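What follows is the residue order along each chain.
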Amino acid sequence: MGACVEYEEQASLHAAEALEGEEAARFQAHLESCAACQAEVASAREVLGLVALPPQTPVEVRAQEGLGSRTLAAWRREQTRRGMGRRALGSLAAVAAVVALMLGPSALERLKAPHPVTTPGSTMQSASARDDVDAETLAAFEAWAGLDPLEDDGSGYGLDEDLSWDDSDLDGDFDLGETL
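So, here is what we can say about the structure in this document. (Residues numbered from 1 in each chain as written. Predicted model: local features only at pLDDT ≥ 70, side-chain atom pairs only at ≥ 80, totals over all residues. Heavy atoms only, no water.)

With that out of the way, let us pick up the overall build of the protein chain. Regarding its fold elements, the protein chain presents six helices and zero strands. Order of helices (α) and strands (β) in the protein chain, N terminus to C terminus: α-α-α-α-α-α. Each of the 180 residues in the protein chain was classed as buried or not, and the buried ones make up 12%. Expressed as a percentage of contacts within the protein chain between residues at least 6 apart in sequence, the contacts between residues at least 24 apart total 48%. Accessible area of the protein chain: about 15500 Å², with a carbon and sulfur share of 59%. (Helix = DSSP H or I, 4+ residues; strand = E, 2+ residues; numbered from the N terminus. Buried < 20%, exposed > 50% of the residue type's maximum accessible area, 1.4 Å probe, protein only. Contact = heavy atoms within 4.5 Å. Areas by Shrake-Rupley, 256 points an atom, 1.4 Å probe, with all protein chains shown as cover.)

For Glu17, which is not glycine, the phi dihedral falls at a positive 60°. Topologically, Glu17 is positioned in the loop between α1 (8-15) and α2 (21-33).

Glancing now at the pattern of salt bridges. The tally for this structure, following the rule as stated, stands at two salt bridges. When salt bridges with common partners are traced through the structure, they connect Glu78, Arg81 and Arg82 into a single cluster. (Salt bridge = Lys/Arg side-chain N within 4 Å of Asp/Glu carboxyl O.)

Turning to the packing of α1 against helix α3 (residues 35-51), a few remarks are in order. It is at 8 Å that the axes of α1 and α3 come closest, and there the two elements cross at 45°. Viewed along their axes, α1 and α3 adopt a mutual orientation that is oblique. Between α1 and α3 lies a crossing of right-handed hand. For the pair formed by α1 and α3, the contact residues are Ala11, Ser12, His14 and Ala15 on the first element and Glu40, Val41, Ala44, Arg45 and Leu48 on the second. Here the residues of the contact of α1 with α3 are counted per class, giving five nonpolar, two polar and two charged. (Axes fitted to C-alpha atoms, helices over the stretch in contact; angles between N-to-C directions. Parallel < 35°, antiparallel > 145°, perpendicular 65-115°, else oblique. Left-handed = near helix turned anticlockwise from the far one by under 90°. Nonpolar A, V, L, I, M, F, W, Y, C, P; charged D, E, K, R; others polar.)

Together, Val95, Val98, Val99, Met102, Leu103, Leu138, Phe141 and Trp144 make up a nonpolar patch on the protein surface, roughly 820 Å² of accessible area in all. Relative to the helices and strands, Phe141 is located in helix α6 (residues 127-145). (Patch = residues over 30% accessible without salt bridge, like charges linked within 9 Å, V, L, I, M, F, W, Y side chains within 5 Å.)

Bringing the packing of aromatic side chains into the picture now. One pass over the structure, following the stated rule, counts one aromatic pair. Look at Tyr7 and Phe27: their rings are 5.8 Å apart centre to centre, the planes differ by 50°, and that puts the pair in the tilted class. Of this pair, Tyr7 sits in the segment before α1 while Phe27 sits in helix α2; the two residues are 20 residues apart in sequence, bridging distant segments of the chain. (Phe/Tyr/Trp six-rings, centres within 6.5 Å; stacked < 30°, edge-to-face > 60°.)

Along α2, the residues classified as buried are Ala24, Phe27, His30 and Leu31. Buried positions in α2, seen along its axis, are confined to an arc of 130° and lie on one side of it. For α2, the exposed residues lying more than 90 degrees away from the buried face are Gly21, Glu22, Glu32 and Ser33. (Arc of directions from axis to C-beta.)

Here the focus is the nonpolar core. Ranked by size, the top nonpolar core spans 13 residues in total, and within it Phe27, Leu31, Cys37 and Val41 carry the most contacts. Among the elements of the structure, α1, α2 and α3 are those that each provide at least two residues to this core. Tallying contributions element by element places α3 first for this core, with four residues. Apart from the residues within four sequence positions on either side, Cys37 is in contact with Ala3, Cys4, Tyr7, His30 and Leu31. (Core = buried A, V, L, I, M, F, W, Y, C linked by side-chain atoms within 4.5 Å.)

So, in structure tokens, the structure goes:
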């Protein structure tokens, strides 16, 4: 014989101690007078006892105590690591943009420069013509940097030249050149 039809669900909930308030009081009053519902509650408690977890060990209790704070700290570390990655990526993008802005004009000049058309009988453009583009780029860089043009007449400094410093070379009013 089972519990009363209208109290079947409440018998299981009462056995699991899930009934609250007025509903729990009403079922408790019914339970005192109904042997079928008492047997149903006892049976449900027996089944629930079989699936109940054993009490926690002291190790499990200690592990569970700081779980919230450890989880929050790990989450914050992860968010910080992700934020640093985003900042690094943003910095890398900014550096790439600056490099593109600095090198862009010279690259455009190279793209705009006429390219020789070669036919089977013609010769390739000489190396000196290709060096002119590099000379133009160098001149543009020197102008941008505010430097005097570099001259390379091939003389350079020989090993036999005297590069020592003489105080007699200074006449009191000398120009150190433009500083950056």
